[in-house]
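Overview (structure and organization)
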Amino acid sequence: MTATRVAPAVEMVLVSKVFNRGKPNEVLALDDISLSVGQREFITLIGPSGCGKSTLLRLMAGLLDPTVGEVTVNGKTANQARADREYGIAFQTAGLFDWRSVQQNIELPLQLMGWSKRERRQRAREMLTLVKLEEFGGHYPRELSGGMQQRVAIARALSFQPSILFMDEPFGALDEMTREHMQTELLRIWGETHTTVVFVTHSIPEAVFLSERVVVMSPRPGRLFAELPVDLGARDFDTRESPEFFERVTAVREALRRPDGVE
Amino acid sequence: MTIGASSDPGTSAAVADEVRRYERRVAIRMAVRRVAVFVSFLVVLAFAYTGYKAFGGAIDDAQTEWPVVGSFLPRSDDLTMPPLLDIAAEVSVPPQRNNAKPLGVFVLEAALFTLREAALGFFLGVILGIGIAVLLVRSKWLERGVSPYIVASQTIPLVAIAPIVIIWGRTSLDWLPFTWEDWMSVALIATYLTFFPVAVNGLRGLHSPAPEDVELMASYAATPNQTLVRLRLPASTPYLFVAFKLAATVAVVGAIVGEISAGVRGGLGRLILDFAGRYTTGPERLYVSVAGAAALGILAFGLVTLSQRFVRAARVRESVST
Ligand SMILES: Nc1ncnc2c1ncn2[C@@H]1O[C@H](COP(=O)(O)OP(=O)(O)OP(=O)(O)O)[C@@H](O)[C@H]1O
Ligand SMILES: [Mg+2]
């Protein structure tokens, strides 16, 4: 217990990832990544398409093994952390099972963990309240808008109260207004649940608005260009229009463009 | 795809309810339309039959009236194409002198006999087919090794395996706690046809989940069995129902052909064979028994289609496979 408190949420040491090693279509996706994510931190990974953001997240999630280097999550190997359900994950497509109702979707991980029906129902109800979809438990995914589906996916990822939430462009398919609304909601949920969040995005304003730290990646092979702290304090409606916000946005944009970076 | 997030969830819930009611209305309307289409199809078919009968009857020996068409189109008379009303009337006539049962009852009893074989053949094929699909989805290696044999199995003609199965059933199954009867062997012959579409489509369905869905299950450290039961099987239901519809009709064909090639009495196969042999003395009888076979196939298909309504995963994802 003490060990998990002290250990960073995610720790990557000199991690590289090569796909299709030794074959003609070999790809060096990530090169020498070292990165540490503190407990309860909200960090975003940003970089051009194909730079290896999703790969980095999958390495943290123990869904891929690094070719070189070491990934630890809450002081354990990424694979062990996955087995111990230390994290929840959400992808760009909400990925809800369309034959399950909203409530059943949220209950999926709990069901796999062998929770009783009563416990599952109880927790699902709490999660529905958390994402403000109390009335939609009995509805089916296709009856919901894209934003609502993403909220269900977040509820599902957090249903078993993991200490970390991995998100891979979860709002990428949403329109601008829904997106901003979802960002505010996510920050509220983050505040209420004390979860560590690692968030992958393409959008500079999204990265700046959401996170305490923006990690900027280079085009392929993915390397870390820069780490920019975003000390904007508590976000609210006016944050997006403040000069400080634009300052950070500019800083991230500059970082993305640096050395051999292509815009 | 995306409508703005609901600032007012209450309204959206009502909208979703309304959508659901609307979809139910559409479903009912579709069902009514389907029945109407089927009935009008039958009527059109009857007209086409009668029309051609009149046309073909006008083709004479010398082909004077239809010099071109008459040279290749078959002629028709009451022997090749008995009048529809005669066929209908034959239903109430006993086919044999020493038997008081009218033909309709005869065909109905034979159809029930064949239906029993087809139903057993269907269920065995479904179990076997899903079993094979589940086995093959477990390993790429197994899938690559076994798939060609599954396909090859369908090139062996039923006529060849039917007598083998019948004789094997009669001689080698006396250790069973019940008596093995010939109709069960016919069901096995039908199984030989029914398992195929289920195995092939089932495998496709089990492979159908998006990589993200599989990754999601992995992120929960789900066991292979959990991934199978909670993700792959539900995802495969629309594919399976397509296969079930194929299997249902193929089960009827398999049962009829099985009866004929194995010489099993009591079913439609034997009846069709008999009436075909005595065609010249009463063509209507063959027509009636063939109509019975067709009705049986449609019934089997209809039952599967109907059962699909009761499986949510199949209904929700119906559009996926079509
Ligand atoms: N399973 C895989 N096999 C082979 N190559 C892969 C695989 N997954 C990713 N890659 C390659 O690794 C590189 C990084 O891919 P990745 O999906 O991590 O990028 P990304 O930053 O998430 O891109 P995007 O912003 O478009 O989602 C790409 O060149 C991609 O082609
Ligand atoms: Mg990606």
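Counting from 1, residues in each chain are numbered in the order their sequence is written. A letter from A marks each chain and a number from 1 marks each ligand, given out in the order of writing. Under the rules for a predicted model, residues below a pLDDT of 70 receive no local features and side-chain atom pairs below 80 are neither given nor counted, while totals for whole chains, interfaces and linings still include all residues. Based on all heavy atoms of the structure, the side-chain values leave hydrogens and waters out of the count.

1. Digging into the overall build of chain A
Definition in use: We count a stretch as a helix when DSSP gives it H or I for four or more residues in a row; a strand needs E for two or more, and each element gets its number in order from the N terminus. Remark: exposure states derive from per-residue accessible area (1.4 Å probe, protein chains only) relative to the maximum for the residue type, with buried under 20%, exposed over 50%, and partly exposed in between. Here, residues are in contact when the closest pair of their heavy atoms is within 4.5 Å. Computed by Shrake-Rupley with a 1.4 Å probe, the accessible areas treat only the displayed protein chains as cover when residues are assessed. For the purpose of charge, His is not counted, nor are the chain termini; Lys and Arg are scored as positive and Asp and Glu as negative. One atom stands in for each charge, and that atom is NZ of Lys, CZ of Arg, CG of Asp or CD of Glu.
Scanning chain A for helices and strands turns up nine helices and 10 strands. Its C-alpha atoms give chain A principal-axis dimensions of roughly 55 × 45 × 40 Å. Expressed as a percentage of the 263 residues in chain A, the buried residues total 57%. Considering only contacts in chain A between residues 6 or more positions apart, those separated by 24 or more positions represent 69%. For chain A, the exposed area adds up to about 11,300 Å²; of that, 50% sits on carbon and sulfur atoms. Computed over 32 positive and 35 negative side-chain charges, the inter-centroid distance for chain A is 7 Å.

2. Quick look at the pattern of salt bridges
Our working rule: In what follows, salt bridge is the name for a side-chain nitrogen of Lys or Arg lying within 4 Å of a carboxyl oxygen of Asp or Glu.
For the coordinates displayed, the defined rule picks out 23 salt bridges over all chains. Glu 247 of chain A serves as the salt-bridge partner of Arg 248 of chain A, at 3.4 Å between the closest nitrogen and oxygen. Taking relative accessible area as the criterion, Glu 247 of chain A reaches 54% and is therefore assigned exposed. One salt bridge connects Asp 78 of chain B with Lys 53 of chain B, and the closest N-O pair in it is separated by 2.5 Å. On the criterion of sequence distance, the pair formed by Asp 78 of chain B in the loop between helix 1 (9-57) and helix 2 (84-90) and Lys 53 of chain B in helix 1 is long-range, its members being 25 residues apart. If you follow the salt bridges from partner to partner, you end up with Lys 132, Glu 185, Arg 188 and Glu 192 of chain A in one network.

3. Some words on the domain arrangement of chain B
Residue and element names in this part refer to chain B. Quick note on the threshold: Residue ranges assigned to the domains are those given by an automatic or database domain assignment. We define buried area as the total accessible area lost by two parts upon association, computed with a 1.4 Å probe and summed across both. N or O atoms within 3.5 Å of each other form a polar contact, as long as, within protein, one can give a hydrogen and the other can take it, and as long as residues adjacent in sequence are counted only when both atoms are side-chain atoms.
Examined at the domain level, chain B breaks down into domain 1 (1-80) and domain 2 (82-321). At the junction of the two partners, domain 1 supplies 11 residues and domain 2 supplies 11 residues. At the boundary of domain 1 with domain 2, total buried surface from both sides reaches about 790 Å², with 63% on carbon and sulfur atoms. If you sort the residues of domain 1 by the area they bury against domain 2, Tyr 49, Asp 78 and Leu 79 come out on top, with a joint share of 56%. The interface formed by domain 1 and domain 2 contains zero salt bridges. Our count for the contact surface shared by domain 1 and domain 2 stands at four residue pairs in polar contact (both at pLDDT 80 or more).

4. A look at empty space enclosed by the protein
Residue and element names in this part refer to chain B. The following threshold applies: Cavity means a closed set of points on a 1 Å grid over the protein atoms alone, one where a 1.4 Å probe fits but cannot get out, pocket means an open set with protein on both sides within 12 Å along at least 5 of 7 lines, and lining means a residue has an atom within 4 Å of a point. Grid points are joined across faces, edges and corners, and a volume is the space filled by probe spheres set on the points. When residues are grouped by polarity, Ala, Val, Leu, Ile, Met, Phe, Trp, Tyr, Cys and Pro land in nonpolar, Asp, Glu, Lys and Arg in charged, and all others, Gly among them, in polar.
In total, this model carries one cavity of 30 Å³ or more according to the counting rule given. Of the volumes computed, that of the largest cavity is approximately 30 Å³. Ile 130, Ala 133, Val 134, Gly 202, Leu 206, Leu 233, Ser 236 and Leu 240 together form the lining of the largest cavity. Contributions of two or more residues to the lining of the largest cavity are made by helix 3 (103-138), helix 6 (182-206) and helix 8 (224-262). Looking at the lining of the largest cavity, its residues break down into six nonpolar, two polar and no charged.

5. A short note on the site of ligand 1
Residues and elements named next belong to chain A. Note the cut-off: A single heavy atom is enough: if one lies within 4 Å of a molecule or strand, its residue is considered near that molecule or strand.
As a matter of local geometry, ligand 1 sits amid 13 residues, with Ser 49, Lys 53, Ser 54, Thr 55 and Arg 220 nearest to it. Gly 50 has a polar backbone atom sitting 2.8 Å from an oxygen atom of ligand 1. Side-chain polar atom of His 202 to an oxygen atom of ligand 1: 2.8 Å apart, as the coordinates give it. Contact with the protein chains removes 65% of the 630 Å² of surface that ligand 1 exposes when unbound. Tallying contributions element by element places helix 2 (residues 53-60) first for the shell around ligand 1, with three residues. Split by residue class, the shell around ligand 1 holds three nonpolar, seven polar and three charged.

6. Let's talk about the interface of chain A and chain B
Across the boundary between the two partners, chain A contributes 38 residues, which contact 33 residues of chain B. Taken together, the links from chain A to chain B amount to three salt bridges. The partner of Arg 142 of chain A in a salt bridge is Glu 23 of chain B, and the shortest N-O contact between them spans 3.1 Å. Our enumeration of links across chain A and chain B arrives at seven residue pairs in polar contact (both at pLDDT 80 or more). Where the side of chain A that touches chain B is concerned, the elements lending two or more residues are helix 3 (78-83), strand 6 (87-90), helix 4 (102-112), helix 6 (146-158) and helix 7 (176-193) of chain A. Per element, the largest residue contribution to the side of chain A that touches chain B is five residues, and it comes from helix 6 of chain A.

7. Some points on a nonpolar patch on the surface
Residue and element names in this part refer to chain B. The cut-off we apply is this: Residues qualify for a patch when their relative accessible area is over 30% and they have no salt bridge, like charges being joined within 9 Å and the nonpolar side chains of Val, Leu, Ile, Met, Phe, Trp and Tyr within 5 Å.
Taken together, the side chains of Val 35, Phe 38, Val 39, Phe 41, Leu 42, Val 43, Leu 45, Phe 47 and Ile 298 present a nonpolar region at the surface, about 870 Å² in accessible area. If you tally residues by element for the nonpolar patch, the top one is helix 1, at eight residues. Looking at where Phe 38 falls in the secondary structure, it is placed in helix 1. A residue is classified by how much of its surface remains accessible, and Phe 38, at 37% relative accessible area, is partly exposed.

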